[in-house]
Amino acid sequence: MTASGGGWLGQSIERVEDANLLTGRGRYIDDLAVRTGTLHAAILRSPHAHARIRSIDVAAARTAPGVGAVLTGAEVTALSSSLAVGVRAPIQSWPIAVDRVRYVGEPIAVVVATDRYLAEDALELIEVEYEPLPALVDPRDALASTELFLHDGLKSNVASDRSFRYGDPEAAFAKAARKISVSIHYPRNSCTPIETYGVVAEYDANEDAYDVLANFMGPFTMHPVMARSLKVPGNRFRLRTPPDSGGSFGVKQGVFPYIVLMALAARVAGKPVKWVEDRLEHLAASVSATNRMTTLDAAVESDGRVVALAWDQVEDVGAHIRAPEPATLYRMQGNLTGAYAIRHVAVRNRVVLTNKTPTGLNRGFGGPQVYYALERLMQRVAVELNLDPLEVIRRNLVPAGAFPYRTATGGLLDSGNYQQAVDTAVQDGGLAELQARRDQARAEGRLYGIGLTAAVEPSVSNMGYVTAVLTPEERRKAGPKNGAQATATIAVDPSGSVTVHIASAPQGQGHRTVAAQIVADALGLKPSDVRVVTDLDTARDAWSIASGNYSSRFAAAVGGAVHLAAMQIKGKLARGAAAQLNVPTDEIEFANGKIGAKGNPDNAIAFGRLAAASHWSPGVVPDGAQALRETVFWSPPQLEAPGDLDETNSSLCHGFIFDFCGVEVDRVTGALRIDKYVTMHDCGTILHPGMVAGQVTGGFAHALGAAVYEEFAYAPDGAFLSGTFADYLLPTTMEVPAPVILHMESPSPFTPLGAKGVGEGNCMSTPVCIANAVADALGLDAIDLPLTPGKLAQFTHPKEQES
Amino acid sequence: MKPARFDYVRAETLAEAHAVLASEGGDAIVIAGGQSLVPLLSMRMARPGVLVDIMHVADLGGIVIKDDAIRVGATVRQAQLLAWPELAAHQPLLALALPFIGHAQTRARGTVCGSAALADPSAEIPLALVALGGEIELSAAAGKRQLAAKEFFNGLMSTSRNDDELIEAVHFPRTRPGDGYAFIEFARRHGDFAIVACAAMADAQGVRLAVGGVADFPTARDFGPLDGAALDEAIEDFAFDLEARDDLHANAAYRRELVRQLGRKTIDEARRCRV
Amino acid sequence: MPRLTADRHHRVRFTLNGRPVEGDAEPRMLLTDFLRHVLGQTGTHVGCEHGVCGACTVEIDGAPARACLMLAVQADGMTLRTVEGLAPEPGRLSVLQDAFRRHHALQCGFCTPGILMSLDIYLRGHASPTEAEVRDFLSGHLCRCTGYVPVVAAALDAAAKLREAAGDA
């Protein structure tokens with residue numbers, strides 16, 4: 001185990017979060033006391049994928065037992081304005097249906113009553129008259145439609161259509177030996193945290209101010225979006241998060257329309273309102289990852305080197321463009337060339353609206369969709385040119401000495417040695433043995449295949465990348481958006497103990513533990529000496545738009561900010577210590593709970609005593625060395641706004657992943673068995689190996705679910721088919737094998753601790769790795785997810801004779 | 001996702017339960033383990049006027065070995081039957097099939113008779129009853145009757161139980177010397193309802209195959225001594241006669257092919273087990 | 001027992017973690033809501049309310065049970081244990097809980113109480129389970145954070161520790 005600094009970082013210490021969580025003393029949103037008189041909300045939702053609302057009769061519901069208020073689109077439009085939409089298009093986005101429903105599960109009315117049971121009773125009394133409209137479910141139909149539009153302001157269902165050109169792709173395609181293509185339909189799925197959404201909202205009419213508690217995970221770019229929708233300045237929209245949250249994986253970004261909705265419900269009811277989403281609501285209508293149709297062409301030399309790519313991506317964001325969409329489509333803009341040195345890229349990105357649940361953040365966020373196409377393509381290059389797939393990957397990797405490497409599309413790959421990572425994985429992961437197993441299995445007539453994937457894992461998103469959806473001209477008008485402010489506050493109290501606050505809105509990842517390790521290393525303390533607070537209050541705490549828990553930004557950005565804040569406190573304490581101990585500042589060291597002179601253990605003072613001095617005896621602390629409370633805001637300069645040529649450095653850090661796996665398909669059932677899965681990660685400096693392993697195994701399980709079991713499926717009429725956990729199938733202990741995890745560490749030069757994100761990589765690499773293995777096993781040119789037994793059996797079952 | 005209102009009666013005698021069913025019939029629902037009923041209540045897909053809890057009726061429990069059958073009372077939980085030490089000796093098919101029911105946590109509360117009452121086409125207990133030629137013991141204030149499983153299961157999630165009746169017990173025929181059994185199930189995940197489940201029973205006269213998950217209710221067919229290509233042809237007819245449908249997890253043709261292949265495999269295994 | 005009418009609250013009494021408790025519930029109230037919002041025992045979590053995820057698993061009369069698949073009135077007179085009853089004393093963890101902490105077998109912790117209750121019951125009756133048995137038994141629980149690998153490791157480690165302790169006794 002590697003250790004750095006004072007030695008706590010790099011160790012898998014026990015998590016400070018766990019004792020409470022293991023004893024039933026967590027503080028999740030539904031565990032917290034609410035004000036007396038708080039009402040409970042239930043939501044009436046659309047049974048139709050597409051219909052005009054002719055009328056809503058809520059009279060009976062309003063007078064039902066216990067009911068405090070009923071809200072419909074009429075109240076919501078009267079009291080708020082549409083949520084901001086991230087593209088230039090004449091469309092609106094409301095948190096409730098207004099005149100028209102556009103997906104199954106769309107809110108139509110909110111009832112608040114003294115308890116949830118009574119609220120649901122009253123929902124049944126609401127009468128809605130619908131005029132059903134044809135549903136546009138398949139994005140191809142939505143693209144083609146010339147008469148039926150989801151939003152009247154658009155004269156099509158395409159909300160954005162942008163083309164990009166980097167290098168000279170036309171010339172590269174014209175010159176190349178071969179053009180090799182794949183076409184992909186990436187399906188819908190979601191990471192479905194086990195805790196659903198929760199909101200407790202209150203409105204103060206005297207101050208015209210909203211106070212909301214929600215298990216929202218950020219990004220806090222949504223704060224101004226919500227405040228604007230509620231028609232109050234940010235300081236009258238106080239948003240708080242609970243101390244614990246039951247998982248998110250991106251999904252709890254999508255609670256934000258409900259924050260607005262419940263804030264308005266509280267305003268109308270004149271009382272606090274609490275809403276806890278149930279699982280059926282969550283599956284039908286919380287948030288989905290995007291489904292995407294991609295055609296990806298490669299200009300390829302005969303030795304397998306890819307010289308140019310042409311992407312044609314059609315992104316299906318569902319019924320509304322809900323902020324921050326179309327970010328899923330643009331998150332990978334800087335690394336559309338993956339781990340490869342490809343200098344010419346053409347891109348066409350279209351955003352299409354359909355009668356499905358609106359999309360939003362989900363672990364991997366754009367990565368699964370991009371890598372599925374790119375890495376299927378790399379396998380096709382190998383197959384079509386009759387080359388070893390590993391060799392094709394190797395020939396295209398970014399050269400080892402080229403970092404930081406500017407990609408064709410503007411990304412800046414910070415560090416790495418992809419060749420070494422691949423070699424190590426092939427060796428330590430036992431690729432040769434796996435190939436021998438495949439040969440043996442095939443000799444026995446079994447259907448066995450091997451898949452490989454290389455990927456870069458972006459982390460710490462540039463808050464400006466989504467503006468690549470605008471033209472350079474539009475961006476100039478709107479003003480540049482860039483950066484990614486991370487923040488950390490460290491306070492020393494009068495007893496000389498240290499408290500840290502971070503605005504990372506953790507969803508179970510153990511941020512309190514790692515922040516304590518970072519500060520302990522900086523200040524010569526034990527992690528148990530440092531307390532870390534992570535619940536967030538926008539009225540009191542330091543935060544910015546980039547705050548929150550997404551784009552795997554904690555270790556790299558927030559951890560870095562914590563380190564910088566600790567170093568500021570340390571610098572001030574060192575000056576105070578130098579004065580007291582009569583040694584130069586640069587000879588002061590922090591170790592074992594003491595601040596002392598290097599090499600002279602007798603000349604030292606207890607950390608707590610010196611640290612408390614700024615409270616008790618500020619007069620003796622040298623000027624400018626008062627160490628009371630330090631807040632650091634850190635934004636990496638590398639995250640510039642997209643340029644005039646649309647070059648976009650979408651993320652600060654880029655880890656490297658190389659995966660391979662062996663799978664077997666059962667001829668009779670079509671069932672897929674993962675025989676072995678190897679995943680190599682270079683996520684820079686590892687701060688807590690146990691948590692990194694947890695991120696990898698957890699991400700792998702999500703990815704396996706997406707690859708094989710999970711799909712948000714819709715009938716042609718837009719009916720939602722995956723409405724329960726008996727229909728939307730999460731993998732269990734019986735389905736998820738233990739992957740072999742390998743690491744190397746190429747510290748990021750752009751982050752204070754050298755760390756990069758690691759939480760999303762397997763969601764990007766694993767689905768396509770498994771698919772490549774299945775394609776190898778069955779000899780398929782094309783295969784889409786999910787790899788269900790029924791789908792695979794089409795290739796193994798004999799053709800049926802009509803009986 | 002909260003239930004609509006209903007009354008609750010915790011019956012302490014069978015007569016009490018019968019009385020509520022007699023007076024309220026279709027508006028009353030019997031609750032035993034509740035593992036399938038409670039979600040239906042919470043989704044408001046079941047809206048009884050009254051729930052009759054029979055788990056505290058003293059004389060409804062018990063696994064009793066009769067001359068030719070095992071009688072499993074209405075309050076016997078699936079886990080209890082599975083843990084019964086004599087299960088495999090008296091009916092090997094149950095020992096093979098019961099571990100496929102849901103998960104340990106739901107088997108701990110779900111009852112054997114409750115699963116029969118729900119009549120899910122993919123469930124293991126209805127399939128075992130049909131495969132073995134078991135019987136369902138129904139009782140009401142007006143009297144008792146015993147129905148063959150293949151008459152009891154009469155449609156998709158539908159049985160011939162009358163509104164005033166409850167299932168007092170189910171009877172699984174006991175194995176006889178020389179019988180062979182096999183059970184093969186395929187589901188998307190471990191513990192899910194079957195896409196196709198096959199139960200086979202072989203004796204000196206021949207073999208029977210019962211299939212769950214395909215038709216509206218579990219369905220058995222006797223194939224006598226058929227073997228080889230003739231058996232495959234007969235299974236082929238059976239596969240089509242089940243009138244498989246498409247759903248989210250599998251289409252009809254896929255299910256038919258599983259019936260052909262897994263059905264044949266199950267029959268072969270049952271025959272091997274005879275030896 | 002008299003008929004409990006739909007529109008009234010009725011007294012429900014049972015033993016919870018060794019102590020008698022009582023509260024009022026309509027017949028339709030789910031046991032999860034009764035535990036959490038009437039008795040204030042919020043350690044039992046609600047993940048799906050249709051009996052699939054296992055987050056709400058508690059012990060009833062010695063066996064695991066999904067609290068969302070039970071009505072409060074059904075539990076009247078029974079003996080229940082929940083995650084709040086697992087630790088030997090405040091500030092100390094049980095062998096199983098401690099194994100979870102050492103193995104990082106939880107992240108968000110939302111599914112964890114149900115898994116702990118299931119395993120606590122299971123390990124009482126199965127001192128030396130294999131990995132395959134533990135995986136089979138835990139397949140009734142959904143976890144989205146861990147990928148299950150450390151959960152299985154913690155369960156096997158706890159079993160070994162409990163065997164050691166039993167051997168020492």
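Every value quoted in this text rests on a predicted model; they were computed, and no experiment measured them.

### Points about the overall build of chain A
Across its full length, chain A holds 21 helices and 28 strands. On C-alpha atoms alone, chain A measures out to a radius of gyration of 27 Å, which is about the 28 Å that the 2.2 N^0.38 rule sets for 803 residues. Taking the principal axes of the C-alpha coordinates as reference, chain A spans close to 95 × 70 × 55 Å. When each of the 803 residues of chain A is scored for burial, the buried share is 66%. Of the contacts made within chain A by residues no fewer than 6 positions apart, 80% connect residues no fewer than 24 positions apart. Of the accessible surface of chain A, which amounts to about 26300 Å², a share of 50% is contributed by carbon and sulfur atoms. In chain A, 70 positive and 86 negative side-chain charges are present, and the distance between their average locations comes to 3 Å.

### Looking at the interface of chain C and chain A
Each partner contributes to the interface: chain C provides 46 residues, whereas chain A provides 56 residues. Both faces considered, chain C and chain A share a buried interface measuring about 4000 Å² in area, 59% of it formed by carbon and sulfur atoms. Three residues stand out in chain C for area buried against chain A, namely His104, Gln107 and Arg144 of chain C, and they jointly supply 21% of the buried area on that side. Linking chain C to chain A there are 5 salt bridges. Between Glu710 of chain A and Arg144 of chain C there is a salt bridge whose closest N-O contact spans 2.8 Å. The interface formed by chain C and chain A includes 25 residue pairs in polar contact (both at pLDDT 80 or more). Mapped by element, the contributors of at least two residues to the side of chain C that touches chain A are helix 1 (31-38), helix 2 (95-102), helix 3 (112-125), helix 4 (131-138) and helix 5 (149-168) of chain C. Residue contributions to the side of chain C that touches chain A peak at 4 residues, all from helix 2 of chain C. For the side of chain C that touches chain A, the class distribution of residues is 22 nonpolar, 14 polar and 10 charged.

### Thoughts on empty space enclosed by the protein
Empty space among the atoms can be located by rolling a probe the size of a water molecule over them. Residue and element names in this part refer to chain A. Going through the model one piece at a time under the given rule, you end up with 7 cavities of 30 Å³ or more. By volume, the largest cavity is sized at about 160 Å³. Contributing to the lining of the largest cavity are 20 residues, with Asn189, Cys191, Asn362, Arg363 and Pro368 lying nearest its centre. Every element with two or more residues in the lining of the largest cavity is listed here: helix 11 (367-384) and helix 19 (689-709). Of all the secondary structure elements, the ones that give two or more residues to the lining of the second largest cavity are helix 17 (554-581) and helix 18 (607-616). A per-element tally of the lining of the second largest cavity places helix 17 first, with 4 residues. By residue class, the composition of the lining of the second largest cavity is 7 nonpolar, 3 polar and 1 charged.

### Notes on the sheet that holds strand 1 (residues 7-10) of chain B
Backbone hydrogen bonds are what pair the strands of a sheet, in a parallel or an antiparallel way. All names here are of chain B. Taken in spatial order, the 3 strands line up as 1-3-2 in an open sheet, and their pairing is parallel. Since the sheet does not close on itself, it has two edges, and those belong to strand 1 and strand 2 (28-31), each with one partner. Taken pair by pair, the neighbouring strands of this sheet meet at an average axis angle of 25°, ignoring direction. Here strand 1 pairs with strand 3 (residues 50-53) via 4 bridges, running parallel. Counted as the bridge partner of Tyr8 is Leu51 from strand 3.

### Structural notes on the interface of chain B and chain C
Of the residues lining the interface, 36 residues belong to chain B; the matching set on chain C comes to 38 residues. For the pair chain B and chain C, the summed buried area comes to about 3000 Å², and 53% of that belongs to carbon and sulfur atoms. Among the residues chain B hides against chain C, the three largest losses belong to Arg5, Tyr8 and Gln105 of chain B. Together they make up 24% of the total. Put simply, chain B and chain C have 5 salt bridges between them. Residue Arg3 of chain C pairs with Glu24 of chain B through a salt bridge whose shortest N-O separation is 2.7 Å. If you look at where chain B meets chain C, you find 17 residue pairs in polar contact (both at pLDDT 80 or more).

### As for the sheet that holds strand 11 (residues 180-186) of chain B
Residues and elements named next belong to chain B. What the 4 strands build is an open sheet, ordered 11-12-13-14; its pairing is antiparallel. Strand pairing shows two members of the sheet lacking a second neighbour, strand 11 and strand 14 (219-224), which therefore form its edges. Put simply, the sheet's adjacent strands are angled 15° from each other on average, direction ignored. Here 7 bridges tie strand 11 to strand 12 (residues 196-202), and the two strands are oriented antiparallel to one another. What sits directly across from Gly180, in strand 12, is Ala202.

### Looking at a negative patch on the surface
On the surface, a cluster of negative charge is made up of Asp67, Asp68, Glu135 and Glu151 of chain B. Along the polypeptide, Asp68 of chain B turns up in the loop between strand 4 (63-65) and strand 5 (69-73).

### Some points on the pairing of strand 1 (residues 39-45) of chain A
All names here are of chain A. Most of strand 1 sits out of view: 6 of its 7 residues are buried. The pairing of strand 1 with strand 12 (residues 273-276) spans 2 bridges and is classified as parallel. Bridge assignment links His40 to a residue of strand 12, and that residue is Lys274.

### Structural notes on the environment of Leu39 of chain C
All names here are of chain C. Within the element layout of this structure, Leu39 appears in the loop between helix 1 and strand 3 (57-60). A residue is classified by how much of its surface remains accessible, and Leu39, at 19% relative accessible area, is buried. C-alpha separation for the pair Leu39 and Gly23, spaced 16 residues apart in sequence, amounts to 6.9 Å. Each residue touching Leu39, except ones within four places of it in the same chain, is listed here: Phe14, Leu16, Val21, Glu22 and Phe34.

### Observations regarding the environment of Gln41 of chain C
Of note, Gln41 of chain C is situated in the loop between helix 1 and strand 3. Setting aside chain neighbours within four positions, we find Gln41 of chain C in contact with Leu16, Asn17, Leu35, Arg36 and Glu84 of chain C.

### Some points on the packing of helix 3 of chain C against helix 4 of chain C
Residues and elements named next belong to chain C. Contact geometry for helix 3 and helix 4: axes closest at 11 Å, N-to-C directions at 130°. Regarding the angle of helix 3 to helix 4, the classification is oblique. In this structure, the crossing between helix 3 and helix 4 has a hand that is right-handed. Contacts from Ile115, Ser118, Leu119 and Tyr122 in helix 3 reach Glu133, Val134, Phe137 and Leu138 in helix 4.

### Quick word on helix 11 of chain A
Helical periodicity: at 3.6 residues per turn, an α-helix aligns residues three or four positions apart in one direction. All names here are of chain A. Helix length check: helix 11, at 18 residues, gives a terminal C-alpha distance of 25 Å against a target of 26 Å (1.5 Å per residue), a fit within 8%. The buried count for helix 11 comes to 16 of 18 residues, which makes it a mostly enclosed element. Immediately downstream of helix 11, the backbone of Asn386 shows phi near 55°, a positive value.

### What about the domain arrangement of chain C?
All names here are of chain C. Along its sequence, chain C is carved into domain 1 (10-85) and domain 2 (95-168). Computed from C-alpha coordinates alone, the two centres of domain 1 and domain 2 are separated by 22 Å. On the domain 2 side, the residues contacting the 18 residues of domain 1 number 15 residues. Buried surface at the junction of domain 1 and domain 2, summed over both partners, amounts to about 1200 Å²; 60% is from carbon and sulfur atoms. At the boundary of domain 1 with domain 2, the tally comes to 2 salt bridges.

### Regarding the packing of aromatic side chains
Residues and elements named next belong to chain A. This structure, assessed with the given rule, holds 21 aromatic pairs over all chains. Note on Tyr418 and Phe656: the rings are 4.2 Å apart at their centroids and 10° apart in plane angle, and the pair reads as stacked. With Tyr418 in helix 13 (residues 418-428) and Phe656 in strand 26 (residues 651-665), this pair connects stretches of sequence that are 238 residues apart. On the basis of relative accessibility, which here comes to 1%, the residue Tyr418 falls in the buried class.

### What about the state of the cysteines?
Counted by the stated rule, this structure contains 0 disulfides over all chains. Looking at Cys653 of chain A, it has no disulfide partner, and the nearest cysteine sulfur is the one in Cys683 of chain A, 10 Å off. Taking relative accessible area as the criterion, Cys653 of chain A reaches 0% and is therefore assigned buried. For the unlinked cysteine Cys48 of chain C, the closest cysteine sulfur is that of Cys53 of chain C, found at 3.9 Å.

### With respect to the nonpolar core
In this structure, Phe658 of chain A together with Phe100 of chain C are the most contacted members of the largest nonpolar core, which totals 276 residues. Per element, the largest residue contribution to this core is 15 residues, and it comes from helix 17 of chain A. What Phe100 of chain C contacts, discounting residues up to four positions off in sequence, is Leu22 of chain A together with Ala105, Leu106, Thr112, Ile115, Leu116, Leu119, Val151 and Ala154 of chain C.

### Observations regarding a positive patch on the surface
Residues and elements named next belong to chain A. A grouping of Arg88, Arg228, Lys477 and Lys481 is seen on the molecular surface, where their side chains present a positively charged patch. Mapped onto the secondary structure, Lys481 falls in the loop between helix 15 (472-478) and strand 19 (486-492). The class for Lys481 is partly exposed, based on a relative accessible area of 45%.

What counts and what doesn't
- Residues numbered from 1 in each chain as written.
- Chains lettered and ligands numbered in written order.
- Predicted model: local features only at pLDDT ≥ 70, side-chain atom pairs only at ≥ 80, totals over all residues.
- Heavy atoms only, no water.
- Helix = DSSP H or I, 4+ residues; strand = E, 2+ residues; numbered from the N terminus.
- Rg over C-alpha atoms; globule rule 2.2 N^0.38 Å.
- Buried < 20%, exposed > 50% of the residue type's maximum accessible area, 1.4 Å probe, protein only.
- Contact = heavy atoms within 4.5 Å.
- Areas by Shrake-Rupley, 256 points an atom, 1.4 Å probe, with all protein chains shown as cover.
- Lys, Arg positive; Asp, Glu negative; His and termini not counted.
- Charge placed at Lys NZ, Arg CZ, Asp CG, Glu CD.
- Buried area = accessible area lost by both parts, 1.4 Å probe.
- Salt bridge = Lys/Arg side-chain N within 4 Å of Asp/Glu carboxyl O.
- Polar contact = N/O pair within 3.5 Å; in protein donor to acceptor, adjacent residues only side chain to side chain.
- Nonpolar A, V, L, I, M, F, W, Y, C, P; charged D, E, K, R; others polar.
- 1 Å grid on protein atoms, 1.4 Å probe; cavity = no way out; pocket = protein on both sides within 12 Å on 5 of 7 lines; lining within 4 Å.
- Points joined across faces, edges and corners; volume = space filled by probe spheres on them.
- Pairing = 2+ DSSP bridges.
- Axes fitted to C-alpha atoms, helices over the stretch in contact; angles between N-to-C directions.
- Patch = residues over 30% accessible without salt bridge, like charges linked within 9 Å, V, L, I, M, F, W, Y side chains within 5 Å.
- Parallel < 35°, antiparallel > 145°, perpendicular 65-115°, else oblique.
- Left-handed = near helix turned anticlockwise from the far one by under 90°.
- Expected span 1.5 Å × (residues − 1).
- Domains from an automatic or database assignment.
- Phe/Tyr/Trp six-rings, centres within 6.5 Å; stacked < 30°, edge-to-face > 60°.
- Disulfide = S-S within 2.5 Å.
- Core = buried A, V, L, I, M, F, W, Y, C linked by side-chain atoms within 4.5 Å.

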